[in-house]
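# Survey of secondary and tertiary structure
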Amino acid sequence: MKTLSHKVLLVEEAVTSFLLVVITTLVFASAIARTIHHPINWAQDVSLLAFGWLTFIGADVVIRRGDLIRIDMIVNKFPKILQKLLMVVFDVLMLAFLGILVIYGATLVSQSWLRTFNTLPLSYAWCTLAVPVGSFLMFFGILEKFIHDIKRPVQDWGDK
């Protein structure tokens, strides 16, 4: 499972890097083009599509790297068993939330097939598809973290 997770992380890092370059290039080129009175009308829609995917795939990169923001200044003062219990509860809550995002995201995709972008002959569902796909990927990232947290001995919790 670790090697598959690592390979997924490498692919996601490459995709998010590419999407960030695309967004930056298009926004910059669009600004320059607009300044010289030759706007690139489709750049905003392509940037929006890329941004949707960048947000959800990038969130999974953060999860798989273990870089989720947490404020543990107070939690570290709790007994180690309580620290572990809180983290397991938070993991379960995140899994439930991501499951809901997958379900309702799929509904959102099915409802947006007929809607198109303003300047592209492309269904808006391709943008909203980032919600269930990204949430599905994050679900497995959090599941891996949850399993690690369950297996981690109580004495290893606390300040690092």
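Now for a description of the structure that goes with this document. Values in this document were obtained by computation on a predicted structure and should not be read as measured data. (Residues numbered from 1 in each chain as written. Predicted model: local features only at pLDDT ≥ 70, side-chain atom pairs only at ≥ 80, totals over all residues. Heavy atoms only, no water.)

## Quick look at the overall build of the protein chain
Let me state the cut-off plainly: Secondary structure elements are taken from DSSP: a helix is a run of H or I of four residues or more, a strand is a run of E of two residues or more, and numbering for both begins at the N terminus. Radius of gyration: over C-alpha atoms. The globule rule applied is 2.2 Å multiplied by the number of residues raised to the 0.38 power. Throughout this description, buried means an accessible area under 20% of the type-specific maximum (1.4 Å probe, protein chains only), exposed means over 50%, and partly exposed covers the range between. Contacts: residue pairs with any heavy atoms within 4.5 Å of one another. Using a 1.4 Å probe, the Shrake-Rupley method yields the accessible areas, and only the shown protein chains count as cover for residues. His residues and chain termini do not enter the charge count, which takes Lys and Arg as positive and Asp and Glu as negative. Working definition for charges: the position is that of NZ of Lys, CZ of Arg, CG of Asp or CD of Glu.
A count of helical and extended segments in the protein chain gives five helices and zero strands. Counting from the amino terminus, the protein chain carries its helices and strands in the arrangement α-α-α-α-α. In terms of overall size, the protein chain is more extended than a compact globule, its C-alpha atoms giving a radius of gyration of 20 Å where 160 residues would be expected to give roughly 15 Å. Within the span of the protein chain, comprising 160 residues, buried residues form 34% of the whole. For the protein chain, contacts bridging at least 24 residues in sequence account for 74% of all contacts bridging at least 6. With an accessible surface of roughly 10,500 Å², the protein chain has 74% of that area assigned to carbon and sulfur atoms. Across the protein chain, the mean location of the 14 positive side-chain charges is 2 Å away from that of the 11 negative side-chain charges.

## Here's the deal with the nonpolar core
Definition in use: Here, nonpolar core means buried Ala, Val, Leu, Ile, Met, Phe, Trp, Tyr and Cys residues that are tied together by side-chain atoms lying within 4.5 Å of each other.
Ranked by size, the top nonpolar core spans 21 residues in total, and within it Trp53 and Phe117 carry the most contacts. Broken down by secondary-structure element, the contributors of at least two residues to this core are helix H1 (2-35), helix H2 (42-65), helix H3 (80-111) and helix H5 (130-151). A per-element tally of this core places H2 first, with seven residues. Not counting residues within four places of it along the chain, the set of residues in contact with Phe117 comprises Asp45, Leu48, Leu49, Leu122, Ser123, Tyr124 and Cys127.

## Quick notes on the pattern of salt bridges
Applied cut-off: The working definition used for a salt bridge is a side-chain nitrogen of Lys or Arg within 4 Å of a carboxyl oxygen of Asp or Glu.
This model, assessed by the stated rule, comprises five salt bridges. Put simply, Glu13 and Arg65 hold a salt bridge, and the shortest N to O gap is 2.7 Å. Linking Glu13 in helix H1 with Arg65 in helix H2, this pair joins segments that are 52 residues apart in sequence. Residue Arg65 is classed as partly exposed on the basis of its relative accessible area, which comes to 48%. The closest approach of N and O atoms between Asp149 and Lys145, which form a salt bridge, is 2.8 Å. Residue Asp149 and its partner Lys145 are located together in helix H5, separated by four residues, close to a single helical turn. By relative accessible area, Asp149 is classed as buried at 4%. With a relative accessible area of 22%, Lys145 lands in the partly exposed category. Counted as one network, the salt bridges with shared partners bring together Glu12, Asp60 and Arg64.

## Considerations on the packing of H2 against H5
A pair of packed helices is captured by two measures, namely the crossing angle of their axes and the spacing between those axes. Short version of the rule: Interaxial angle, 0 to 180 degrees, is taken between N-to-C directions of lines fitted to C-alpha atoms, where a helix line uses only the stretch in contact. Comment on the angle field: the value is read as roughly parallel under 35 degrees, roughly antiparallel over 145, roughly perpendicular from 65 to 115, and oblique elsewhere. Three classes are used: nonpolar for Ala, Val, Leu, Ile, Met, Phe, Trp, Tyr, Cys and Pro, charged for Asp, Glu, Lys and Arg, and polar for all others, with Gly counted as polar.
One can describe the packing of H2 onto H5 by two numbers: an axis separation of 9 Å at closest approach and a directional angle of 0°. By the angle between their directions, the pair H2 and H5 is classed as roughly parallel. Packed against H2, whose contacting residues are Gly52, Trp53, Phe56, Ile57, Ala59, Asp60, Ile63 and Arg64, the element H5 presents Ala130, Val131, Val133, Gly134, Ser135, Leu137, Met138, Phe140, Gly141, Ile142 and Glu144 at the interface. By residue class, the composition of the contact of H2 with H5 is twelve nonpolar, four polar and three charged.

## Description of a nonpolar patch on the surface
Quick note on the threshold: Patches here are clusters of residues that have more than 30% relative accessible area and form no salt bridge, with a 9 Å joining cutoff for like charges and a 5 Å cutoff for nonpolar side chains (Val, Leu, Ile, Met, Phe, Trp, Tyr).
Together, Ile71, Met73, Ile74, Phe78, Ile81, Leu82, Leu85, Val89, Phe90 and Leu93 line one region of the surface with nonpolar side chains, adding up to about 1,000 Å² of accessible area. One can find Phe90 in helix H3.

## Some details on the packing of aromatic side chains
The condition that has to hold: When the centres of two rings from Phe, Tyr and Trp lie within 6.5 Å, Trp using its six-membered ring, the rings pair. Their planes under 30 degrees apart give stacked, over 60 give edge-to-face, and anything left gives tilted. Note on geometry: a ring has a charge over it if NZ (lysine) or CZ (arginine) is within 6 Å of the ring centre and within 35 degrees of the ring normal.
Tallied over the full model, the rule gives four aromatic pairs. With 5.8 Å between their ring centres and 90° between their planes, Trp113 and Trp126 make a pair best called edge-to-face. Here the residue Trp113 occupies a position in the loop between H3 and helix H4 (125-128), and Trp126 occupies one in helix H4, the gap between them amounting to 13 residues. Take Trp113: its relative accessible area is 43%, and that puts it in the partly exposed class. Taking 5.7 Å as the distance between ring centres and 80° as the angle between the ring planes, the aromatic pair formed by Phe139 and Phe140 counts as edge-to-face. Of the residues examined, Phe140 reaches a relative accessible area of 32% and is grouped as partly exposed. The positively charged end of Arg115 is found above the aromatic ring belonging to Tyr124, 3.8 Å away from the centroid.

Purely spatial values, then, with no claim about function.
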